[in-house]
Amino acid sequence: MRIDIISIFPEYFAPLDVSLIGKARERGILDISLHQLRDWTHDVHRTVDDSPYGGGPGMVMKPEPWGEAIDAVTAAGAGEPRLVVPTPSGRPFTQELAMEYAAEPWLAFACGRYEGIDARVIDEYRGRMRVDEVGIGDYVLAGGEVAVLVMVEAVGRLLPGVLGNELSATDDSFAPGTMRNLLEGPVYTKPPEWRGRRVPEILLSGHHGKIARWRRDEALRRTLSNRPELAAGLDDESLDKRDREVLSERGADA
Ligand code: ADE
């Protein structure tokens, strides 16, 4: 997969050299290029922002450098990328969207700072390619860079050959299938007893069916406790009798 990232702080992306994503890049699974937006300015101050029309606090990113940058980056490839613009006003980034992005051959990320990018930039490229404004949560960051780190990591780990164990992603929280709309429950490793605390005996039993059932019980309990709105949205079709019992233990009407 090819990924282009345009930002006024390319140095923010140093973590993409490390660990899982760093290795995926070394192995050629991920081809990530960073671009300095200011390289497409033409004044001595390399200006990328200006005051907002209509007044108000803060500054807005000027359209001209963004237009030149996106034109240049997208011209250097076959076809068009899917353009992702991180913003707290965007559609929510979810595991489902991460999976959709993992199936794309080419993503381009445009990191805004300040109050955002002049809206005409998005309108311009919507006519040419798929453009998504995407938010990673209901809070405001200082810019899109950290949001892009989050998205690249979530997408990158889904690419074939990136995770050591191909099955690791299938039982993630939120993964489609049995973990759809469920949080993963607790996990344990050796030793079997630590500071007087035993690992749940069922996990040492070797009984795969019972272990799977216990894990599902724990996933349901954790979802109910930490994300009651997710638990309330679990559709009846996907719940069996035992699921309903576990959900009703804590007073949910499943
Ligand atoms: N830029 C600033 N805050 C953001 C958020 N929550 N998600 C995506 N981009 C952002």
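Worth saying up front: this structure is predicted, and the values here are computed from it rather than measured.

The subject of this paragraph is unusual backbone geometry. The step from Lys190 to Pro191 runs through a cis peptide bond, and the omega angle for that step is 5 degrees. Tracing the chain through its elements places Pro191 in the loop between α5 (145–156) and β8 (193–194). Of note in this structure, Arg195 is not a glycine but carries a positive phi near 50 degrees. Relative to the assigned elements, Arg195 resides in the loop between β8 and β9 (197–198). Its relative accessible area of 71% is what places Arg195 among the exposed residues.

Right, let's talk about the pattern of salt bridges for a bit. A complete count under the given rule lists 28 salt bridges for this structure. Between Asp4 and Arg2 there is a salt bridge; the shortest N-O distance is 2.8 Å. For the pair formed by Asp4 and Arg2, the shared burial category is buried. Of the charged contacts, one joins Glu229 and Arg227 as a salt bridge, the two residues approaching to 2.7 Å between their closest N and O atoms. Taken together, the shared-partner salt bridges connect Arg213, Arg216, Asp217, Asp240, Lys241, Arg242, Asp243 and Glu245 into one network.

With respect to the helices, strands and loops of the structure, Arg120 is situated in helix α4 (residues 119–126). Assessed through its relative accessible area of 51%, Arg120 is described here as exposed. In terms of polar contacts, Arg120 uses its side chain to reach the side chain of Asp118, at 2.7 Å.

Moving on to the side chain of Glu104. Mapped onto the elements of the fold, Glu104 is located in the loop between α3 (95–102) and β6 (106–110). Looking at Glu104, the relative accessible area reads 11%, which means it is buried. Among the polar contacts listed, one links the side chain of Glu104 to the side chain of Arg130, at a separation of 2.8 Å. Aside from chain neighbours lying at most four places away, what touches Glu104 is Met1, Arg82 and Arg130.

Bringing the packing of helix α2 (residues 63–75) against α4 into the picture now. Where α2 contacts α4, the axes come no closer than 9 Å and their chain directions differ by 30 degrees. Judged by the angle between their axes, α2 and α4 are roughly parallel. Every pair of crossing elements has a handedness; the one defined by α2 and α4 is right-handed. Contacts from Pro63, Trp66, Gly67, Ile70 and Asp71 of α2 reach α4 at Arg120, Val121 and Tyr125. Taken together, the residues that form the contact of α2 with α4 break down as 5 nonpolar, 1 polar and 2 charged.

Analysis parameters
Residues numbered from 1 in each chain as written. Predicted model: local features only at pLDDT ≥ 70, side-chain atom pairs only at ≥ 80, totals over all residues. Heavy atoms only, no water. Helix = DSSP H or I, 4+ residues; strand = E, 2+ residues; numbered from the N terminus. Buried < 20%, exposed > 50% of the residue type's maximum accessible area, 1.4 Å probe, protein only. Salt bridge = Lys/Arg side-chain N within 4 Å of Asp/Glu carboxyl O. Polar contact = N/O pair within 3.5 Å; in protein donor to acceptor, adjacent residues only side chain to side chain. Contact = heavy atoms within 4.5 Å. Axes fitted to C-alpha atoms, helices over the stretch in contact; angles between N-to-C directions. Parallel < 35°, antiparallel > 145°, perpendicular 65-115°, else oblique. Left-handed = near helix turned anticlockwise from the far one by under 90°. Nonpolar A, V, L, I, M, F, W, Y, C, P; charged D, E, K, R; others polar.

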